[in-house]
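Listed below, chain by chain, are the residues.
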Amino acid sequence: MRIEVPLRSAYKLINHGPTTLISSAHDGRRNVMAAAWVMALDFEPPKLAAVIASSTFTRELVVASGEFVVQTPTLAQRAVTIAVGSESGRDRDKFAAHGIATSAASRVRAPLIEGCAAWLECVRIAEPAMEERYDLFVGEVVAAWVESECWDGRGFAFARDEQRTIHHLAGGVFFATGSK
């Protein structure tokens, strides 16, 4: 069951450096991409930074809509994470192609991907020079959610291995979050 996390604590959902999935939507189109370079930036209001390459369809949708969702896939989702990170959604719906279940977000139009450990709904803070030069996007987190089975009220507490978040090293090699 998804539960809300106070915005002041949103950074705890990505501070451990997991691989993320970034979903976006605009004008009836949607997309999802894998992103390893996402980090927390601030507490109040909570912000994060994400590298979204200029060649991606996700970037087009984020710029057009001004919104996106950053979510942390689990070990159970590693195959779909590799798949959506290895192909473009410009010519086909990756959600349909890979059977990715979604639900509506509470504050943005981009979908939440079911089965993740955490979700951060974001509104883009436009920084065109930084986006153009470094592919670096800043988002204000407007809603934060976590899978209740993975959360002890203060941070992640993974009861089952398949719930652990994943971390990309390079060349398709991942490791799973360890124990506290």
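Above this text sits the structure in question.
Small disclaimer: the values here were computed from a predicted structure and weren't measured.

Draft legend 1. Fine view of the side chain of Glu-131. Here Glu-131 is to be found in helix 4 (residues 128-134). When sequence neighbours within four positions are dropped, the list of residues in contact with Glu-131 reads Arg-59, Arg-124, Ile-125, Ala-126, Leu-136 and Phe-137.

Draft legend 2. Up close: the packing of aromatic side chains. In the structure shown here, the tally under the stated rule is three aromatic pairs. Residues Phe-156 and Phe-158 carry aromatic rings whose centres are separated by 5.0 Å and whose planes lie at 15° to one another, so their mutual orientation is stacked. Considered together, Phe-156 and Phe-158 belong to a single accessibility category, that of buried residues. The lysine or arginine in question, Arg-2, covers the ring of Trp-119, its NZ or CZ lying 4.7 Å from the ring centre.

Draft legend 3. Structural view of the pairing of strand 2 (residues 20-26). For strand 2, the buried fraction is high: six of the seven residues fall into the buried class. Inspection of the sheet shows strand 2 paired to strand 3 (residues 29-35) by seven bridges, in the antiparallel sense. Bridge pairing in strand 3 places Ser-23 opposite Val-32. The loop that links strand 2 with its antiparallel partner strand 3 comprises two residues; one of these, Asp-27, has a positive phi angle of about 50°. For strand 2 and strand 6 (residues 67-72), the ladder comprises three bridges, and the chain directions are antiparallel. The residue of strand 6 that forms the bridge with Leu-21 is Gln-71.

What counts and what doesn't
Note on numbering: residues in each chain are counted from 1, in written sequence order. For this predicted model, a pLDDT threshold of at least 70 governs which residues receive local features, and a threshold of 80 or more governs which side-chain atom pairs are given and counted, while totals over whole chains, interfaces and linings are taken from all residues. Values reported for side chains reflect all heavy atoms of the structure, with hydrogen atoms and water molecules removed beforehand. Runs of H or I in DSSP of at least four residues are treated as helices and runs of E of at least two as strands, each being numbered from the N terminus. We call two residues contacting when some pair of their heavy atoms lies within 4.5 Å. We call Phe, Tyr and Trp rings a pair once their centres come within 6.5 Å, taking the six-membered ring for Trp, and we label the pair stacked below 30 degrees between planes, edge-to-face above 60, and tilted otherwise. Exposure is judged per residue with a 1.4 Å probe applied to protein chains only, and the accessible area is read against the type maximum: over 50% gives exposed, under 20% gives buried, and values in between give partly exposed. Lysine and arginine charges are scored as sitting over a ring when NZ or CZ, respectively, is within 6 Å of the ring centre and within 35 degrees of the ring normal. For two strands to pair, DSSP has to find at least two bridges joining them.

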